[in-house]
There are 2 protein chains.
Amino acid sequence: MSLKHALLGFLSTEPASGFDLAREFGESLGWFWYASHSQIYPELRRLEEQGLVQSTTSTGNPGKQKRTYRLTEAGAAELRSWLEQPTEYAPMRDVERLKLVFLDSAPIDVVRRHLEDHRKHHEDLLAVYSQQLRELHQGVFPRLVKRLASRPASAHPMITGLKVLAMQGNIARARTEIHWAEDALSWLDGMEREGRA
Amino acid sequence: MSLKHALLGFLSTEPASGFDLAREFGESLGWFWYASHSQIYPELRRLEEQGLVQSTTSTGNPGKQKRTYRLTEAGAAELRSWLEQPTEYAPMRDVERLKLVFLDSAPIDVVRRHLEDHRKHHEDLLAVYSQQLRELHQGVFPRLVKRLASRPASAHPMITGLKVLAMQGNIARARTEIHWAEDALSWLDGMEREGRA
DNA sequence: CTTGTCATGTAATTCGTTACATGATTGC
DNA sequence: GCAATCATGTAACGAATTACATGACAAG
């Protein structure tokens, strides 16, 4: 039930169309939640049926229809209540680790390639997150700017701080994965040397 | 398509029943993959239709039916081919982080509770993983023992090593989350002090 | 006039969760 | 006799992916 609340959350910053939301949920490697447009459009309709959001079709531009959704009071209440409840942790499903434990009869180069891919993947993530953290600090990160705009200056440190915190968490994760992959690669080199000796 | 390969992987150690597999996929906080029995039983039937596994019903015990699945040569080949292919990384979906970025108008105690829960969750995971790592090193971890049994001694360091590596990765992750949560809590305390000053 | 971006949708399928359902065996 | 564990399944629903489908507008 999280797509629902992810949408309500994004709409709590400002009204947006399905297209806008699909862009935000797809770009920047996902920014905490990913969803495709084919999941978003029907979900928004469902939220409207439930009275949690309300849509207006753009007048002005004829032909080019654009449906903008805004949060209703009921939607804001639903979001608040979800935010207050403790998080239920999703069961672990980790394809890479799963592969790793069964790779024990594969050629050593296959194992190495997997670990190198893993390192590369998280290095790419780290680059993106580091850039986004810089943008958060510089106050040029669009989503943050919009969120600050509608709120009093006294609330700004908390608003910014929580985003920075979340991003730092992603950075810490990426670094951990990179370090782990590097340690694993050294260990693998050791194995190979011993195997040849 | 990973449940399929998770099952093939587990069956590559030794034949097992749906019940055995459901126990392994459910216990110990999941050991890299979680699935419920209601997903496992039909999937095993499908794998049998595809000729990747083969089942035998226990004779001997009448009434108490127990269906044991073993990997076929085709199943082993499918597993090898999956293991060789590069991993596709799942898009990010992180409920806790998502909540965190929208918690900026909630009472500070709600934020604190979320961070404390997060720390607690990963401390619990860390305890389990640390115990399992000890068992791996002591050679008393059942799944590892079984896997070593069917393979020559020269392969043992690699078999054990990869499991240790995977577990160390989980431990590193858990530690990172705990440290992050603690940093976040200190920051939050600072915010509260400033807010009251 | 064609490519790219904006914009919104539906359909088919697969994957995963929750709940329902049944029956045998073992230990107390 | 009763509870716990072993053992296997189905049904209904919800979440997510992939593919199909359409059309406006802007820039070159």
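Just so it is clear, the model here is predicted, and its values are computed rather than measured.

Things to note about the protein's contact with DNA strand C
Alright, step 1. As a structural note, the neighbourhood of DNA strand C is formed by 20 residues, with F19(A), R45(A), R93(A), S38(B) and Q39(B) the closest of them.
Alright, step 2. Within the side chain of S38(B), an N or O atom sits 2.6 Å from a base oxygen of DNA strand C.
Alright, step 3. Of all the elements in the fold, those that place two or more residues in the surface near DNA strand C are α2 (18–26) and α3 (37–49) of chain A together with α3 (37–49) of chain B.
Alright, step 4. Take the surface near DNA strand C: its biggest share by element is four residues, from α3(A).

Here's the deal with the relation of the copies chain A and chain B
Alright, step 1. With an RMSD of 0.0 Å, the operation that places chain A on chain B is a rotation of 180 degrees combined with a shift of 0.0 Å along the axis. Here the transformation between the copies is reduced to the relation of a two-fold axis.
Alright, step 2. A share of 100% of interface residues in chain A that are also interface residues in chain B marks the association as one of identical surfaces.

Looking at the UniProt feature "domain: Transcription regulator PadR C-terminal" (unreviewed entry) in chain A
Alright, step 1. According to UniProt, the "domain: Transcription regulator PadR C-terminal" (unreviewed entry) feature falls on residues 92–188 of chain A.
Alright, step 2. Helix and strand shares over residues 92–188 of chain A are 82% and 0% respectively, and the end C-alpha atoms of the span are 26 Å apart.

Examining helix α7 (residues 142–149) of chain B
A turn of α-helix holds 3.6 residues, and therefore any two residues three or four places apart point the same way.
Alright, step 1. Listed in full, the buried residues belonging to α7(B) are R143(B), L144(B), R147(B) and L148(B). Across the axial projection of α7(B), the buried residues extend over an arc of 130 degrees, all falling on one side.

Considerations on the domain arrangement of chain A
Residue and element names in this part refer to chain A.
Alright, step 1. Partitioning chain A into domains gives domain 1 (2–84) and domain 2 (95–196).
Alright, step 2. In this assembly, eleven residues from domain 1 lie in contact with eleven residues from domain 2.
Alright, step 3. Between domain 1 and domain 2 the total buried area reaches about 1000 Å² when both faces are included, carbon and sulfur atoms providing 57% of it.
Alright, step 4. Among the residues of domain 1 in contact with domain 2, T13, L29 and W31 are the three that bury the most area, contributing 55% of the side total.
Alright, step 5. Between E24 and R143 there is a salt bridge; the shortest N-O distance is 2.2 Å.
Alright, step 6. At the junction of domain 1 with domain 2, the criterion picks out four residue pairs in polar contact (both at pLDDT 80 or more).
Alright, step 7. Across the side of domain 1 that touches domain 2, the residue classes tally to four nonpolar, four polar and three charged.

Focus: the sheet that holds strand β1 (residues 16–17) of chain B
Alright, step 1. What the three strands build is an open sheet, ordered β1-β3-β2 (chain B); its pairing is antiparallel. Of all the strands in the sheet, the pair left with one neighbour each is β1 and β2 (53–57) of chain B.

With respect to the nonpolar core
Alright, step 1. Formed by 57 residues in total, the largest nonpolar core has its most connected members in L100(A), L115(A), L7(B), L21(B), F25(B), I40(B) and L44(B).
Alright, step 2. Element by element, the count of residues in this core is highest for helix α8 (residues 156–196) of chain B, at ten residues.
Alright, step 3. In this structure F25(B) touches L3(B), A6(B), L7(B), F10(B), G30(B), W33(B), Y34(B), A35(B) and I40(B), once residues within four positions along its chain are discounted.
Alright, step 4. Counting residues in each nonpolar core, the second largest holds 56 residues, with A22(A), L125(A), L133(A) and M191(B) among its members.

Here we look at the sheet that holds strand β3 (residues 67–71) of chain A
Residues and elements named next belong to chain A.
Alright, step 1. The strand order across the open sheet formed by three strands is β1-β3-β2, and the pairing between neighbours is antiparallel. The sheet terminates laterally at β1 (16–17) and β2 (53–57), the two strands that pair on one side only.
Alright, step 2. Pairing of β2 with β3 involves five bridges; the strand directions are antiparallel. Pairing of V53 across the sheet is with L71, part of β3.

Observations regarding the protein's contact with DNA strand D
Alright, step 1. Surrounding DNA strand D, one finds 19 residues, the nearest of these being S38(A), F19(B), H37(B), R45(B) and R67(B).
Alright, step 2. Atoms of DNA strand D within 4 Å of the protein: sugar and phosphate make up 65%, bases the balance.
Alright, step 3. Here a phosphate oxygen of DNA strand D and a side-chain polar atom of Y41(B) are 3.2 Å apart.
Alright, step 4. At 2.8 Å from a phosphate oxygen of DNA strand D is found a main-chain nitrogen or oxygen belonging to R67(B).

A short note on the interface of chain A and chain B
Alright, step 1. Counting residues at the interface gives 62 residues for chain A, matched by 62 residues for chain B.
Alright, step 2. Buried surface at the junction of chain A and chain B, summed over both partners, amounts to about 6500 Å²; 67% is from carbon and sulfur atoms.
Alright, step 3. Area buried by chain A at its contact with chain B is led by Y89(A), M92(A) and F102(A), which between them contribute 12% of it.
Alright, step 4. Seen at the junction of chain A and chain B, the total is ten salt bridges.
Alright, step 5. Among the ionic pairs, K163(B) bridges to D104(A), the shortest N-O distance being 2.7 Å.
Alright, step 6. Summed over the shared surface of chain A and chain B, the number is 35 residue pairs in polar contact (both at pLDDT 80 or more).
Alright, step 7. Contributions of two or more residues to the side of chain A that touches chain B are made by α1 (2–11), α4 (73–84), α5 (95–102), α6 (108–138) and α8 (156–196) of chain A.
Alright, step 8. The dominant element in the side of chain A that touches chain B, judged by the number of residues it contributes, is α8(A), at 20 residues.
Alright, step 9. Among the residues making up the side of chain A that touches chain B, the classes are represented as 34 nonpolar, 14 polar and 14 charged.

Thresholds, definitions, all that
- Residues numbered from 1 in each chain as written.
- Chains lettered and ligands numbered in written order.
- Predicted model: local features only at pLDDT ≥ 70, side-chain atom pairs only at ≥ 80, totals over all residues.
- Heavy atoms only, no water.
- Near = heavy atom within 4 Å.
- Polar contact = N/O pair within 3.5 Å; in protein donor to acceptor, adjacent residues only side chain to side chain.
- Helix = DSSP H or I, 4+ residues; strand = E, 2+ residues; numbered from the N terminus.
- Least-squares fit on C-alpha atoms with pLDDT ≥ 70 in both.
- Contact = heavy atoms within 4.5 Å.
- UniProt positions renumbered as here; feature names shortened; annotations may be inferred.
- Buried < 20%, exposed > 50% of the residue type's maximum accessible area, 1.4 Å probe, protein only.
- Arc of directions from axis to C-beta.
- Domains from an automatic or database assignment.
- Buried area = accessible area lost by both parts, 1.4 Å probe.
- Salt bridge = Lys/Arg side-chain N within 4 Å of Asp/Glu carboxyl O.
- Nonpolar A, V, L, I, M, F, W, Y, C, P; charged D, E, K, R; others polar.
- Pairing = 2+ DSSP bridges.
- Core = buried A, V, L, I, M, F, W, Y, C linked by side-chain atoms within 4.5 Å.

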